[in-house]
Amino acid sequence: MPTIFIENKPYQVEPGQNLLKACLSLGLDLPYFCWHPAMHSVGACRQCAVKQFKDEKDTRGRIIMACMTPVSEGMRISINDPEARAFRKGIIELLMLNHPHDCPVCDEGGECHLQDMTVMTGHAYRSYRFGKRTHRNQYLGPFINHEMNRCIQCYRCVRFYRDYAGGRDLDVFGAHDHVYFGRHSDGVLECEFSGNLVEICPTGVFTDKTFKKHYTRKWDLQTAPSVCVHCGLGCNIIPGERYGRLRRILNRFNRDVNGFFICDRGRFGYEFVNSTRRITRPLVKHSAAEGHKPVSEDEALERAEGIIRSSRRVLGIGSPRASLEANFALRRLVGPENFFSGLSSVEDKIIREVIDIMRSGGLPSASLRDVEEADAVLVLGEDVMNTSPRLGLSIRQAVKNRVMDIPKSLGIPEWNDAAVRAAVQEAKGPLYIASLHETRLDDIATGLYHAAPDDIARFGFMIAKEIDSDAPGAPAYGDRNNTGGDAAGHAVYLSKEIAKELIGAKSPVIVSGAGCMSVEVVHAAFNIASALLRKGRPAKALFCLPECDSMGAGIMAGRSIAEALDMIKNREADALIILENDLYRRIDSVSADSLLCAARGVIVLDYIQTPTADKASLVLPSASFAESDGTFLNSEGRAQRFFRVYLPEEFSPGCGIKEGWRWLGDLMTRTGRGEGPGWNTLDDVILSMTKELSLLTPVAQCALPSGFRIEGMKIPRQPHRYSGRTAMHADKDVHERQPQIDNDSFFSFSMEGYPGVLPTLLAPRYWRPGWNSVQALNKFGHEKRALSLSGYCGVRLFGLGRDTTELTAEPGYFMDIPPRFRPKDGEYLFLPLYHIFGSEELSMNSAGIAELAPEPYIALSDIPAVRDMEGKAVEARIGSTIVRLRIKIMPGLPVGTAGYPVGLPGVPWVELPQYGKIIK
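Scoring rules and cut-offs
- Position labels on residues start from 1 in each chain and follow its written sequence.
- Owing to the predicted nature of the model, reporting of local features is limited to residues with pLDDT of at least 70; listing and counting of side-chain atom pairs is limited to 80 or more, with chain, interface and lining totals taken over all residues.
- Each side-chain value is worked out from all heavy atoms of the structure, with water and hydrogens disregarded.
- Relative accessible area decides the class of each residue, using a 1.4 Å probe on protein chains only: under 20% of the type maximum gives buried, over 50% gives exposed, and in between gives partly exposed.
- Counting from the N terminus, the helices are DSSP H or I runs at least four residues long and the strands are E runs at least two residues long.
- Here the rule is simple: two strands pair whenever DSSP picks up at least two bridges between them.
- Fitted lines through C-alpha atoms serve as axes, helices being fitted only where they are in contact, and the angles separating the N-to-C directions of these axes extend from 0 to 180 degrees.
- Any angle from 65 to 115 degrees is called roughly perpendicular, while one under 35 is roughly parallel, one over 145 is roughly antiparallel, and all others are oblique.
- Crossings are sorted by hand: turned counterclockwise from the far helix by less than a right angle, the near helix makes the crossing left-handed, and turned clockwise it makes it right-handed.
- What makes two residues a contact is simply this: any of their non-hydrogen atoms within 4.5 Å.
- In this classification, the charged set is Asp, Glu, Lys and Arg, the nonpolar set is Ala, Val, Leu, Ile, Met, Phe, Trp, Tyr, Cys and Pro, and all remaining amino acids, among them Gly, are polar.
- Disulfide: a pair of cysteine sulfur atoms within 2.5 Å of each other.

**Student:** Would you explain the pairing of strand β33 (residues 873-878) in this entry?
**Tutor:** Note on strand geometry: in a regular strand, side chains alternate between the two faces of the sheet. Of the two faces of β33, only the one carrying V874, A876 and I878 is buried; A873, E875 and R877 on the other face are not. The sheet contact formed by β33 and strand β34 (residues 881-890) spans 6 bridges and is antiparallel. Among the inter-strand pairings, R877 is bridged to a residue of β34, identified as I882. Connecting β33 to the next strand, β34, in antiparallel fashion are 2 residues, including G879 with a positive phi near 65°. Two strands pair when backbone bridges link them, and β33 and strand β36 (residues 914-919) are joined in this way by 4 bridges, in the antiparallel orientation. Across the sheet, the residue bridging to E875 is I919, located in β36.

Shown next as structure tokens:
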């Protein structure tokens, strides 16, 4: 490691980095604007000036920009040199000439990087006396507020939006001091990651519009580390609360999962917690003819106890959006033989297959970081930008890796962003996508293949066969020259090309999942990865799962909802307990009605009112992710803890909201079922769970226990500037209330606690002395304490794989090659389609998400025979379900198939893929 001298003191730094990053990693204060650790250096703001000296005898030195200077052995610099300080002060004054100085009314006030850097450089007074440049602000959609007059031209926004995230509708216009960052005209930002502009922008140009609607100052927010609930990737987040309402979501850095960024669904989909559909009190229905009536907690538990005791057999239906602990508590209450995963038949089968594959130990599971570092990616049957959006951002970074050899050969360091882009130009690494239709990643793909699920599976088997001749392969026909008219010929040629690229890659990744609703596609993805492992290539696979705890629900060894329906119909059971699950999103409405009506008693635990809860005889209000502690198991098999942000009863006296596992634990105690565990804390539940389910034993290590303390103190959820705790309750009592006690975690519901700088992985907010914005993160990375606690950012249960050099038993192959898809006369094969805004249940309770969700439709392929039907309403019969929807033309959709949007309001659930008819 090279040694550099700063203010004549020696420091060891990592080789190959720039001087700014080195200074920040050492804990030194050096102001900057344009640099970002994910996007590197462009030298646009000139704010990180330092003075460099030739040697210890040099007293004159020269001004250099730290972000554009590589570290070298023996380098001598000064941050505090008077000339360097004066230079930085002059630069900040120039940047602030046209700034409106509207901190008191700015949404960014209190956590503004511009504020921090202005104070740090000592710029306190302006000498500029002339009129300021002004701009017209734009409407950018329901998520982002635009205030262009605050801009300091750091170029971060367009660098992230265009270069990093692949957006094309935001750019920089003008020149000199009349530069404008925005769209060519007002309109909704099209990129799925536009919300990251809120954190990328160092000023208040781009701010959170949803936060603005129920604004509070940042220092009045109570926060805690948490995990996103809107897909299966498990992105880390920081929710903020005030007055018992969730106010916003920030990204929480986890280098192995989401890194610096999250998708817009994860950032803006939180408002279901504040929804008018929230269930806040126990509800009882005495007959089908009357509605629900609120009752006390004791009355609700007494009613639940009566249902359970008077039933011959009680079935428990779990949920892929409930925590591991809640699902386990239900399993314990009803018994393993009566527990059902809460998944549809197809989802249950696919998730079980993925779990079996990952538990086998032969195939390593890829994290998002692994995907970003891959030099060849194959996406098989998954529309990742709609099902697992953050993965799509990782794939966009992966295509840059193979071509990094170009700037390396020219001696250009990776952090020199502008020079790297000039050297690389439009070159990209290999990315191949086999999907049902066109996707938002097609613009960076090396090769595309659009086909029905069975043909995608066959395509995958063909690739595996090309890699390893011992692998089973689909019969091949066609040649390179008939790719335009013969899809099979295109598949043969492309499979050879893909196999060659994957074999030649140093770190190939295969991405697949439940998107096609096809087990055979998952098997084909496994065969490809297995074939690569047999050839000694370090292949990894990532299987996308739809919900935050899909894998957790599957791992509980339950059965699908269809089997519960059979048991109720056959009178093998007569009562149901449904945990945080809407059955009308898992089975068809006729079957759901039958199941709920046939049961003598139905107990629903949920936090939002659903059609299933409407028909329950008893509804118990469970806590959302913001009001509870628990564990989710993400798509890669990583267990991650989320922590309660606030206690709802503090703001709503008499509120009956409790964690699902607490409700179920109370029922165990009252009924004597589940061996009456007597759980008092979350640690008690985890102890029981890990003893009963050996596969979940590592869950106990995914977070620190509730007894953890730093220097004998808990970690405060409230920042040291938090105010108004008395004022919040002044209408009732002006006396200071005693803070609520949290026995489930090492966090406190107050400002009291450890006052120092926290390790990144435990921090409930971004803060360091002098750094109040999210840029404080860049001061955390190299702390010894953070490194020592690195295991507590989540723990992988399985999918770690084995070193290929030590692989004694070669992974086997799946042999279930499906027949080629052939269109049927008069019928369409209906396939699942997904939308980042619309398909996910919880986020649709957010007004901005609902605004961007598409209208219900049926998609048909772009062929002359159906173009005249576009926009017309038709009836379609899919199985026993009849729907009336408008026709939409979708490029790339295979002829003979129809796209059916999953989860959109007004689109009833049907089992997919399935043949059906369109009645014109």
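**Student:** Looking at this structure, how should I read the packing of helix α2 (residues 82-95) against helix α3 (residues 113-121)?
**Tutor:** When two helices pack together, their arrangement is captured by the angle between the axes and the distance separating the axes. Their axes nearest at 9 Å, the elements α2 and α3 cross at an angle of 140°. The orientation of α2 with respect to α3, classified from their angle, is oblique. Like other packed secondary-structure pairs, α2 and α3 cross with a definite hand, here left-handed. Mapping the contact onto sequence places R88, K89 and I92 in α2 and L114, T118 and T121 in α3. Within the contact of α2 with α3, the residues separate by chemical class into 2 nonpolar, 2 polar and 2 charged.

**Student:** What is the right way to look at the packing of helix α9 (residues 324-334) against helix α24 (residues 682-692) in this model?
**Tutor:** Their axes nearest at 10 Å, the elements α9 and α24 cross at an angle of 65°. At the point where α9 passes α24, the crossing takes the left-handed sense. Only L682, V685, I686, S688, M689 and E692 of α24 make contact with α9, whose side of the interface consists of L324, E325, F328, R331 and R332. For the contact of α9 with α24, the class distribution of residues is 6 nonpolar, 1 polar and 4 charged.

**Student:** Where do I start with the state of the cysteines in this structure?
**Tutor:** Simply put, disulfide is the name for a covalent bond between the sulfur atoms of two cysteines. Overall, the coordinates contain 0 disulfides when judged by the stated rule. Considering cysteine sulfurs only, C263 is the nearest to C191, which forms no disulfide, with 10 Å between them. For C191, a relative accessible area of 3% puts it in the buried group. Of the cysteine sulfurs around C516, a residue in no disulfide, the closest is that of C544, at 11 Å.

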